[in-house]
Amino acid sequence: MFNLIRKDIVLQKSTLLILLPALLVYLLLNTSSIWVGIVFSVVIIMNAFANDEKTSIHMLLNSLPYTRKEIVSSKYIGAFIFMSIVVCIIFIGNLLIHQEITAWKDILFMVSLVMVAISLFFPFSYKFKSQYMFIASVVFFAIYLVVVNFFIPNLNDIMREFVQVLLTVQTAQLYLFIALAVLTLYACSWLLSIRIYERKVF
Amino acid sequence: MQIIISNSSKEPIYGQIYAQIKKRILTGELQEGQSLPSMRQLAKDLEISVITTKRAYEELEKNGFIYSIVGKGSFVAEQNLEMMKERKMKAIEETLSMAIQNGKEMGLSLTELKEMLTLLYTEGE
Amino acid sequence: MENVIELQHVHKSFDGFQLKDFSMTVKKGFVTGFIGGNGVGKSTTIKLIMNLLQPDSGTVSLFGLNYKDHEKEIKQRIGFVFDENIFYENVTLVEMKRIIKPSYCNWDDNLFNYYVQTFELPLTKKIKTFSKGMMMKASLTIALSHHAELIIMDEPTSGLDPIFRRELLDILHDLMQDGEKTIFFSTHITTDLERIADYITFIHNGEHIFTKEFYRIEEDYAVVKGGMELLDADTEREFIAIRKSAHGFVALTDQKARIEAIFGDMVLMEKPTLEDIMFHTKKGAEQYV
C-alpha cells in the first residue's frame with residue numbers, strides 16, 4: 001500500500017514542483033495563509049485523485065496485487081501526507097519570510113477544513129466521478145446565493161464572525177471537540193468510500 | 001527428425017505426427033533408446049498446440065512404439081518384431097474366419113473358397 | 001490434471017445480460033483460447049476471473065484459492081494483458097515500470113529489459129504516443145516480467161499486424177516450454193488459436209457451450225453439405241443449425257460419427273473452422289428459440 005502512495009507522489013512530481021513554489025509566492029504576497037493552504041491542499045489532493053479516475057487505471061490498479069481496501073486507504077493516507085507537506089511549507093515559509101510562527105489554531109482550522117472537504121469529496125467522487133463535483137459545486141453555489149439573497153442577507157458576515165469567534169475562543173475543550181469531530185468524519189468517510197469502491201463495477 | 005504436417009489434410013494433425021514417427025521407427029531410422037524431442041519443443045517447432053503433440057505421443061506410447069520417463073522425456077521403445085508378427089497373424093486369422101463364416105452362410109465349399117482366395121491373391125500381385 | 005482457474009455455478013446479471021450457471025476450468029500447463037461473439041459474456045467472464053467483478057452467486061477460484069481471503073497472493077501470480085491502454089498516459093515506460101515494479105515480489109529487471117529489447121520498445125517516450133501494437137507489447141512486457149504462473153489476455157492479437165502476431169505466438173510457445181505456466185486468452189482471430197491453443201472454451205449468450213481439446217473439435221464437429229431431399233423433420237433435428245438454399249443445405253453437427261452413420265456417402269462432410277462453429281451455433285440458438 002505504501003507503493004500506491006509513493007506512486008501518487010511520483011505522478012504528482014511535476015505538479016508539486018509548480019504548485020509549491022507558487023505557494024511561497026502567495027505567502028510573500030501576504031494573503032491569508034489559511035485559505036491559501038486550504039486551496040492548495042485540496043487542489044493537490046484532488047489532482048492525485050483525478051489521475052486515477054479513468055476506468056482503465058482502475059483496471060490496472062485492481063489487476064496489481066492490491067485489495068480494493070488498500071487502494072482507497074492509500075488515497076486517504078496520501079491526502080493526509082499532501083496536506084502535511086502544504087502545512088510544513090506554510091509553516092517554514094512564514095517563519096522564513098515573515099519571521100513569525102504560524103498560530104497552531106490557524107493550522108488546526110486549516111487542517112480541519114481540508115479534512116472536512118476531503119471527507120465529502122472522496123465518497124462523492126467514488127460514487128459518481130469527480131467531474132460531477134463541478135456540477136455539484138455549481139448547484140451548491142446557486143443554493144448558497146439564493147439563501148444569501150433571499151433568506152439571510154448577512155450570511156457572509158455571520159460566517160466571518162463565527163470563524164473569528166472560533167479562532168479567538170480559548171477553551172482547549174472546544175478545540176479538542178472539533179478535532180475529534182473532524183477525525184470521526186474523516187474515518188466515517190474512509191469506511192464509506194471503501195464500501196462504495198468494493199461494489200464498484202469497471 | 002523431419003516431420004511435415006499439412007493443415008489442409010483430412011487426417012488430423014496428431015495422426016500425421018503419429019504416422020510419421022511410427023514409420024521412422026519401423027524402418028529403423030529411429031533406433032531403440034533414441035530420445036525424441038519433448039512434446040513442448042516439438043509443438044513450438046511445428047507451430048502447433050502442445051495438446052496435439054501430446055496426443056500423438058500418447059498414441060505412440062499406447063501402441064508400444066515409445067516410452068516416457070517423467071522429467072526425462074520420451075524414447076524409442078524396443079520393437080519386438082516377433083510379437084508384431086504374431087499380432088498381424090492373429091488379425092489375418094480373424095478376417096479369414098469371418099470370410100469363412102460368410103461363405104458357409106452362402107453354402108460355399110472349401111474348394112470354392114480356396115479358388116477365390118487364389119484368384120484374389122494372384123490378382124493383387 | 002490441476003485446474004488453475006475454476007468457475008463454479010457462477011451467476012451474474014446486468015441489465016439485459018446474464019451469465020447463467022456458468023462453470024468452467026482452465027488446466028495448468030496449457031493454453032486455453034476463449035472464443036465467442038461480441039456481447040456474449042467474454043469480457044464479463046474475464047473480469048470475474050480478475051476480481052474486477054464479483055459474482056452474484058457461485059464461486060471463482062484461482063490456483064485453488066478464493067479472492068476473498070487470498071486476493072494479493074493470487075494477483076502476485078497472474079500477469080494481465082489488456083487490449084486497451086491501462087497505463088498512465090503522461091509517463092514513460094521506465095516510469096511506469098518504477099511504479100509497478102515494487103508491487104510484485106518476483107519482479108525481474110533482466111526479464112523486463114529482455115522483452116523491451118525484443119519488442120524494440122522506446123523506454124523514454126510518453127506512453128500516450130504509443131501505437132496500439134506498441135501498447136500491447138508494453139502491456140505484455142509488464143505482464144511477463146514478474147514470473148507470473150498464469151497469463152490472462154483480453155484480445156491480445158486484435159490490434160497487431162500479422163508478422164508480430166506470429167512472433168507473439170512464438171514467445172508464448174517459449175513460455176510454455178517448462179509446463180508450469182498457463183495461458184488463458186480471449187480472441188476473435190481464430191486462426192491464431194490453431195497454432196497455440198490446447199483447449200478451446202466457447203461461450204455463447206452467457207452460457208458455456210464447451211471446453212474441448214483442440215483436436216476433439218475436429219473429431220466431434222463437422223460441416224455437412226447435401227441435397228434438400230435429405231432433410232425432413234427427423235433428420236433436421238440431428239443438426240445444431242442448418243442453412244438452406246435452392247442449391248442444397250449446409251449444416252453443423254457435433255456428432256460427426258452419428259451423421260456419418262445416418263447419411264453415409266449421400267452428404268459431404270468437411271472439417272469445420274472455429275468460425276463455422278461460432279457462426280452456426282449463433283444461428284442455431286436463434287432458430288430454435
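Residue positions are given per chain, counting from 1 as you read along its sequence in written order. Chain A is the first chain written and ligand 1 is the first ligand written, with later ones labelled in order. Confidence filtering applies because this is a predicted model: local features only for residues at pLDDT of at least 70, side-chain atom pairs given and counted only at 80 or more, and all residues used for totals across whole chains, interfaces and linings. Think of the side-chain values as coming from all heavy atoms in the structure, minus any hydrogens and water.

1. Overview of the overall build of chain B
Each helix and strand counted, chain B has five helices and two strands in total. In this text, helices come from DSSP runs of H or I with a minimum length of four residues, and strands from runs of E with a minimum of two, each type numbered from the N-terminal end. Its helices and strands taken in sequence order, chain B reads α-α-α-β-β-α-α from the N to the C terminus. C-alpha atoms define the radius of gyration in this analysis, and the globule rule sets the expected value at 2.2 Å times the number of residues to the power 0.38. Its C-alpha radius of gyration of 20 Å places chain B more than 25% over the 14 Å reference for a compact globule of 125 residues. The contacts in chain B between residues at least 6 apart in sequence include a share of 47% that link residues at least 24 apart. Per-residue and other accessible areas follow the Shrake-Rupley method at a 1.4 Å probe size, with only the shown protein chains counted as cover for residues. Approximately 8,900 Å² of chain B is accessible, and the part contributed by carbon and sulfur atoms is 56%. Residues are treated as being in contact if the distance between any of their heavy atoms lies within 4.5 Å.

2. Focus: the interface of chain B and chain C
Interfaces are often described in size by the accessible area the parts lose on coming together. On the chain C side, the residues contacting the 19 residues of chain B number 22 residues. For the pair chain B and chain C, the summed buried area comes to about 1,700 Å², and 46% of that belongs to carbon and sulfur atoms. Buried area: the sum, over both parts, of the accessible surface (1.4 Å probe) that disappears when the two are put together. A per-residue breakdown of the area chain B buries against chain C is headed by Arg40, Glu47 and Ile51 of chain B, which together make up 41% of the total. The working definition used for a salt bridge is a side-chain nitrogen of Lys or Arg within 4 Å of a carboxyl oxygen of Asp or Glu. Our count for the contact surface shared by chain B and chain C stands at five salt bridges. The partner of Asp174 of chain C in a salt bridge is Lys44 of chain B, and the shortest N-O contact between them spans 3.1 Å. Counting residues per element, the ones that place at least two in the side of chain B that touches chain C are α2 (39–46) and α3 (50–62) of chain B. By residue number, the principal contributor to the side of chain B that touches chain C is α3 of chain B, which donates five residues. In this classification, Asp, Glu, Lys and Arg are treated as charged, Ala, Val, Leu, Ile, Met, Phe, Trp, Tyr, Cys and Pro as nonpolar, and every other residue, Gly included, as polar. When the residues that make up the side of chain B that touches chain C are grouped by side-chain class, the tally is six nonpolar, six polar and seven charged.

3. What about the sheet that holds strand β8 (residues 182–186) of chain C?
All names here are of chain C. Judged by pairing direction, the sheet is mixed, and its six strands sit side by side in the order β6-β7-β8-β3-β9-β10 without closing on themselves. On the outer flanks of this sheet lie β6 (78–81) and β10 (207–213), each paired with one strand and no other. Going across the sheet, the axis of each strand differs from the next one's by a mean of 15°, ignoring polarity. In short, DSSP must find at least two bridges between two strands for them to pair. As paired elements, strand β3 (residues 31–35) and strand β9 (residues 199–204) share four bridges and run parallel to each other. Each residue of the ladder has a partner; that of Phe34, found in β9, is Thr201. Lying on the sheet, helix α5 (residues 132–144) is in contact with β6 and β7 (150–154); it crosses β6 at an angle near 175°. A fitted line through C-alpha atoms serves as each axis, taken over the contacting stretch for helices, and the angle formed by two N-to-C directions is quoted from 0 to 180°.

4. Observations concerning the arrangement of the chains
Most contacts, compared over the two pairs of chains touching, are made between chains A and C. Taking C-alpha atoms as the reference, chain A and chain B come no closer than 28 Å and do not contact one another.

5. Looking at the side chain of Ser186 of chain C
All names here are of chain C. Among the structural elements, Ser186 can be located in strand β8. Since its relative accessible area comes to 1%, Ser186 is described here as buried. Excluding its chain neighbours within four sequence positions, the residues that come into contact with Ser186 are Phe34, Lys42, Ile46, Met153, Asp154, Glu155 and Pro156. We call a residue buried when its accessible area falls under 20% of the maximum for its residue type, exposed when it is over 50%, and partly exposed in between, using a 1.4 Å probe and counting protein chains only.

6. Some details on α2 of chain B
Looking at α2 of chain B, one finds that the buried residues are Arg40, Leu42, Ala43, Lys44 and Leu46 of chain B. Looking at the buried residues of α2 of chain B, the elements they touch are α1 (13–26) and α3 of chain B together with α6 (162–175) of chain C. Positive phi shows up at Glu47 of chain B, right after α2 of chain B, with a value of about 55°.

7. Examining the pairing of strand β4 (residues 57–62) of chain C
All names here are of chain C. In this structure, strand β1 (residues 3–14) lies alongside β4, joined through five bridges in antiparallel fashion. Its bridge partner lying in β4, His11 is registered against Ser57. Where β4 lies against strand β5 (residues 65–66), two bridges are found, and the strand directions are antiparallel. Looking at the pairing, Ser61 lines up with Asn66 of β5. Turn length for the β4-β5 hairpin, with the two strands adjacent in sequence and antiparallel, is two residues, and the turn residue Phe63 shows positive phi of about 55°.

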